Every structure is written in C-alpha cells, then in structure tokens.
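# A look at the structure
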Amino acid sequence: MTATAPTAASAQQHVDLADQWSTHNYHPLPVVVAEADGAWVTDVRGKRYLDLLAGYSALNFGHRHPALVGAAVEQLGRLTLTSRAFHHDQFGPFCQELAELTGTEMVLTMNTGAEAVESAIKVARKWAHQVKGVPVDTAEIIVVGDNFHGRTTTIISFSTDPDARTGFGPFTPGFTVVPFGDAAALAAAITERTAAVLVEPIQGEAGVRVPPTGYLAEVRRVCDANDVLFIADEIQSGLARTGTLFALDHEGVRADLYTLGKALGGGVLPVSAVVGRRDVLGVLRPGEHGSTFGGNALACAVGRAVVRLLSTGEFQDRSKVLGAHLHDRLGELVGRGVSAVHGRGLWAGVDLTSMTGRRASEALMERGVLCKETHGSTLRMAPPLVVTEAEIDLGVDALAAVLS
Ligand SMILES: *Cc1c(COP(=O)(O)O)cnc(C)c1O
C-alpha cells in the first residue's frame, strides 16, 4: 500500500507524475511550486524563487493580490455561476466598469484569450458581411507574421510557427499574413473583402518585439481609409504591462476592437473579453455566440476587482518607472552575453549570445529566479507589477552571473 500523500511527494515525483499522466504539450522548468505571494513563489521543498514571468502577464498584480483574493472569496460565498440563461448581479456592473476603464462602448465576455480572439474574428466577419457589404462567407482578415493569438484550430491556421501548425490541418481559410512592422505590405494586402486587421501591438511570444515607431498609427490610417476594422490583441501587452493601460496608448492609437485576457482574471481564474465599438459588437444576436462560463459571477467579481486596481493608474505607473529601471539594468548586459533587449515597461525580451534561453532559465532557476525562454535564444521577462526595484536588481544580477 502506498500511503504517501500527494503533498508529501518530492519534486522529482511530481515531475515524473506529470510526465507519465499528462500530455507533453509543455516543457516546464523542473520547479514544483506549492505556494506563492506577490512576486515570490515557494516550491515543495520550501525554496523561494523570484517570479519574473508572472504567468505571461496573467499575474500582473502578483500572486494572490489581497484585493483580488478578497473579491473571489467574497463572491464564492454568494454565487459562482448562473449560466447566461439568467442575469446575475455582477454581470452588468462588470461590463459597464470594463467599458468605462477601456473607453469602449460594449463588452463581450469569454474565458480564455483564444476564445476572445475567436470571438473577435467571428464578430469582424459578421460585421463585414452585414454592415460593410462583403459577400457572405468571403470576409478576409489580415494578420502579421510571428503572431501569437492562441491555440485553437482557426487561430493556428494563420500562425507562422511550424510547431504550432504542423500536423493540425486542414486549416481555416480567410487569412492573409503580412510581415510584422510593415504597413506598406499590409496596405497592399487589403481587398474589398477585407474585414479586419489583427495585430499584437507588441509581439510577446515572438520575443517582446516592439514595431517601428509610427507603424501602429499607419495601420490605423490604412484601416480607416479602407473601412477595415483594427483589432488589437492586448491579451499579453494590455492592462498596465507596458506602463499604460494598452500598449497602443504609447502611439496614441485606438483600436476598433481589443481582445483582453490573462491579467483580466487577476491570476485567479480565466477571464477574457472583446471590448470595442457598439456598431461592431452589436451585430451579435441571441443564439449566435456564447460560452457557458463566459461572464460567470465569480469571473465578473474578480474582473471588477481587476478594473478597480487598474483605475487608479498605480500599476501603469509602477510598470513605467520600474520598467525604465529594468531596461537600464538589462542594457548594461549588452555585449556581455546579450546582443539586444526589446520591450517596453516591465516587459523585456533579452536576446542571448552565449547560451540558449532554456539553459539560461535553468541556471536562473538554480539561483532562485524564474523566467522562461521564448524561441531559442530569447529570454522573456515579465515581472509582476508589484515587483520592487531591489527585486529587479536581484533578478538582473542573477542573469549577469549566469551569463558571465
Ligand atoms: C496568451 C495569449 C493568447 C491566448 O490566451 P489563452 O488564454 O492562452 O488562450 C492570445 N493572444 C496573445 C497575445 C497572448 O499572449
């Protein structure tokens, strides 16, 4: 008889269990986290690590922010889910508060980021057919190379990453790919059937790539000139990550639709949304789209607490000020194992020259710092926005030591 409780298992046993019983669709670092608070996590052996990944922005407010846990616990004691068959008392207020925060007119609630992107695609197509006059079922959407918008079959249909696509076809038609940062190529790809352009204002998965200055304003201009919707995927870049509410705000550009996710659920549960123009989102009629868990009471209560945290501007300011410090410090490493640093605010892609991102992540883990590689030799850093300057120094010093 094995009487070992799961919590008493060693780190290696947990890794082995995952290896044996879970699909192998991730390649996690061999750290087994048991607890977390703010910017710090503790593994099953009691070792503490500084979390410089923050769940790819899902944990913008750190682990277990008291206001978010408090809102969740309070709501758990009242109501979790009704389905959208009935109204509940968190739904309307959440939609109103999110629309007001984002300066938009309407909200479509979903759960995961991929669902928000799928929803934006469906809405844009319907708008093109119904309002713009594109012949039904022929709408096209322009996307950019090296995009990351999620993992559904339609979304991977326009991925340019072979790992994301190979073997998963047949693919959904209706997408045209143009290079990131190239507004002329985008303009040339527009036809009478173009419904929308879908862009990450800063590409996260591709290595925290910031497009050339003026590119996003030019995308906006091209969309306006051709009656095409600008859909900004701000699932990773939005909600204070880059020092402003949206990454688009740095360029003074507004999108017609924004997809939101990750931090919208405060690291507590999946909450996503499409927010934007009423004349676009308003094309949906009862029965045409939905999700059993979308807009559930618990999600809305946590989402409302997230909106409250963002409405003070405190986290945007932290990201701006501390992000400048992070980029200053990382800049010191250029020429010392680093070829370039990309990003904005508390968000950085660090291109390594002396080792792979995986190797650097493993060495950092040994030193009690967690972050993760993206695409080969780039390390992605996205500290929770509650991180302190001293903690950033600790992380960058660890990276310097690993690279020396
Ligand atoms: C993470 C992410 C998604 C997908 O979100 P999921 O919740 O993982 O489905 C979509 N777009 C961007 C830009 C992302 O970073």
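Scroll up to find the structure this text is about.
Within every chain, residues take consecutive numbers counted from 1 along the sequence as written. It should be noted that, the model being predicted, local features are given only for residues of pLDDT at least 70 and side-chain atom pairs only at 80 or more, the latter also being counted only at that level, while totals for whole chains, interfaces and linings use all residues. The side-chain numbers reported here are obtained from all heavy atoms of the structure, hydrogens and water having been left aside.

### So, empty space enclosed by the protein
Put simply, the rule is: Grid points spaced at 1 Å and placed over the protein atoms alone form the basis of the search, with a cavity being a set where a 1.4 Å probe fits but cannot get out and a pocket an open set showing protein on both sides within 12 Å along at least five of seven lines. Lining residues have an atom within 4 Å of a point. Grid points are joined across faces, edges and corners, and a volume is the space filled by probe spheres set on the points.
Under the defined criterion, the tally for this structure stands at one cavity of 30 Å³ or more. In this structure, the largest cavity encloses a volume near 30 Å³. Lining the largest cavity, in full, are Pro-201, Ile-202, Val-210, Pro-211, Leu-216, Ala-247, His-250, Glu-251 and Arg-344.

### Comments concerning the site of the ligand
Inclusion rule: Near is defined per residue: the residue qualifies when any heavy atom it owns lies within 4 Å of the molecule or strand. Identification of polar contacts relies on pairs of N or O atoms within 3.5 Å, with a donor-acceptor requirement for protein atoms, meaning one able to donate a hydrogen and the other able to accept it, and with residues adjacent in sequence counted only if both atoms are side-chain atoms. Under the convention used here, a 1.4 Å probe and the Shrake-Rupley method define accessible areas, while residue burial counts only the protein chains that appear. Here the nonpolar group is Ala, Val, Leu, Ile, Met, Phe, Trp, Tyr, Cys and Pro; Asp, Glu, Lys and Arg are the charged ones; every other residue, Gly included, is treated as polar.
In the region of the ligand, the neighbouring residues are Thr-112, Gly-113, Ala-114, Phe-148, His-149, Gly-150, Glu-200, Asp-233, Ile-235, Gln-236 and Lys-262. For the ligand, a nitrogen atom lies 3.4 Å from a polar atom in the backbone of Phe-148. Measuring from a nitrogen atom of the ligand, one finds a side-chain N or O atom of Asp-233 at 2.7 Å. Summarising the interface, the protein chains cover 80% of the accessible area of the ligand, which totals 380 Å² for the free molecule. Looking at side-chain class alone, the shell around the ligand contains three nonpolar, five polar and three charged residues.

### Here we look at the packing of helix 3 (residues 91–102) against helix 10 (residues 297–311)
Our working rule: Comment: axis = line fitted to C-alpha atoms, over the contacting stretch for helices; angle = value between 0 and 180 degrees taken between N-to-C directions. Comment: elements are numbered from the N terminus, with helices defined as DSSP H or I runs of at least four residues and strands as E runs of at least two. Roughly parallel here means an angle under 35 degrees, roughly antiparallel means over 145, roughly perpendicular means 65 to 115, and every remaining angle is called oblique. The hand of a helix crossing depends on one turn: near helix anticlockwise from the far one by less than a right angle means left-handed, and clockwise means right-handed. Should any heavy atoms of two residues lie within 4.5 Å, those residues are counted as being in contact.
Relative to each other, helix 3 and helix 10 sit at 25°, their axes nearing to 9 Å. It follows that helix 3 is roughly parallel to helix 10 by the angle criterion. For helix 3 against helix 10, the interelement crossing comes out left-handed. Of helix 10, the residues touching helix 3 (which contributes Phe-91, Pro-93, Phe-94, Glu-97, Leu-98 and Leu-101) are Cys-300, Gly-303, Arg-304, Val-307, Leu-310 and Ser-311. Its residues assigned to classes, the contact of helix 3 with helix 10 shows eight nonpolar, two polar and two charged.

### Describing the side chain of Gln-236
Keep this limit in mind: Only protein chains enter the accessibility calculation, which uses a 1.4 Å probe; a residue is then buried when its area is under 20% of its type maximum, exposed when over 50%, and partly exposed in between.
Residue position: Gln-236 is located in the loop between strand 8 (229–233) and strand 9 (257–260). Assessed through its relative accessible area of 9%, Gln-236 is described here as buried. Within the local environment of Gln-236, its side chain forms a polar contact with the side chain of Arg-380, the two groups lying 2.8 Å apart. Setting aside anything within four residues of it in sequence, one finds Gln-236 in contact with Tyr-56, Ser-57, Gly-204, Arg-241, Lys-262, Trp-347 and Arg-380.

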